[in-house]
Amino acid sequence: MSSQASLISKARSNIIKIDPQARIFADTELSVFLNEAQDKIETDMSDDIPEQQVKSTWSIGTGTQEYLMSSVLPNYKKINYIDMNQCNIEDVVDSAGEPNQYCIYWTTLYTNTIPSWSKSVNIFYSKKLPDITTSEDCILPSEYDLALCYYASYLALNSVEKSQKAGESFGMYKQAIDKLITTNNRRQTYNFINY
């Protein structure tokens, strides 16, 4: 885990060498680029980073068929495992029974029938990582620092039309992310085994 200040310092001193005195890019601007870089890493890793994984229980109440996703699965990105089969919105009916399927439609999670009794369902899902701020460190292990800095640098350099330098940073990001994907696959397997 690295702080926002250390990531900005690493990006500025080791990669964006055109701006050592912060005259082109303010720390707040580099912070935005770092958070965009974190989003890019999540996407490139198919939202399978162990730090994104959440184990949760969905408490289905008697007579309640609709649930807000933001309440059941905060910061939801994708479901990895759930104790129920998935169905389409057309399969959701207004008749009482035991819910045995679920459907996600827009921002709502539905059961396929109106529950006639309560039920608990285990869910394993991927969430969006929290933004890196002055008060919240990056929760990714320090092995991700270079990838974060290279992609943030790519965004920064591209924004001031330093295309060649931006391309070099992007190439270095691709090398760093390829290594991380291999490492992450091992970490992910371990995480699923312990679920």
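Residues numbered from 1 in each chain as written. Predicted model: local features only at pLDDT ≥ 70, side-chain atom pairs only at ≥ 80, totals over all residues. Heavy atoms only, no water.

Q: How do you make sense of the nonpolar core when you look at a structure like this?
A: Side chains of nonpolar character tend, in soluble globular proteins, to be buried together. Counting residues in each nonpolar core, the largest one holds 32 residues, and the members touching the most others are Ile41 and Leu148. Ranked by residues supplied to this core, first place goes to helix H4 (residues 145-159) with 9 residues. Core analysis: the second largest hydrophobic core is formed by 14 residues, Trp58, Val72, Leu73 and Tyr125 among them. (Core = buried A, V, L, I, M, F, W, Y, C linked by side-chain atoms within 4.5 Å. Buried < 20%, exposed > 50% of the residue type's maximum accessible area, 1.4 Å probe, protein only. Helix = DSSP H or I, 4+ residues; strand = E, 2+ residues; numbered from the N terminus.)

Q: Would you take a moment to explain the sheet that holds strand S3 (residues 76-82) for this structure?
A: Each strand in a sheet pairs with another by means of backbone hydrogen bonds, the pair being arranged parallel or else antiparallel. If you trace the 3 strands from one edge of the open sheet to the other, you get S1-S9-S3, paired in antiparallel fashion. The outermost strands of the open sheet, each flanked by one partner alone, are strand S1 (53-60) and S3. The average angle at which neighbouring strand axes cross in this sheet is 40 degrees, direction not considered. The sheet contact formed by S1 and strand S9 (residues 119-127) spans 8 bridges and is antiparallel. The partner of Lys55 across the bridge, within S9, is Phe124. (Pairing = 2+ DSSP bridges. Axes fitted to C-alpha atoms, helices over the stretch in contact; angles between N-to-C directions.)

Q: Would you mind showing me how to read the state of the cysteines here?
A: In protein chemistry, a disulfide is the covalent bond that joins the sulfur atoms of two cysteines. This model, assessed by the stated rule, comprises 0 disulfides. Here Cys87 stays free of any disulfide, with the sulfur of Cys103 as its closest cysteine sulfur at 5.1 Å. Here Cys87 falls in the buried class, since its relative accessible area comes to 7%. With no disulfide of its own, Cys149 lies 9.5 Å from the sulfur of Cys138, the closest cysteine sulfur. (Disulfide = S-S within 2.5 Å.)

Q: How should the packing of aromatic side chains be read in this particular structure?
A: For any pair of aromatic rings, geometry is given as the distance between the ring centres together with the angle between the planes. Counted under the stated rule, the structure contains 9 aromatic pairs. Taken together, a centroid distance of 5.3 Å and an interplanar angle of 45 degrees make the contact between Tyr151 and Tyr154 tilted. Remark: Tyr154 and Tyr151 occur in helix H4; sequence separation between them is 3 residues, near one turn of the helix. Put simply, the rings of Tyr151, Tyr154, Phe170 and Tyr173 touch in pairs and so form one group of aromatic residues. (Phe/Tyr/Trp six-rings, centres within 6.5 Å; stacked < 30°, edge-to-face > 60°.)

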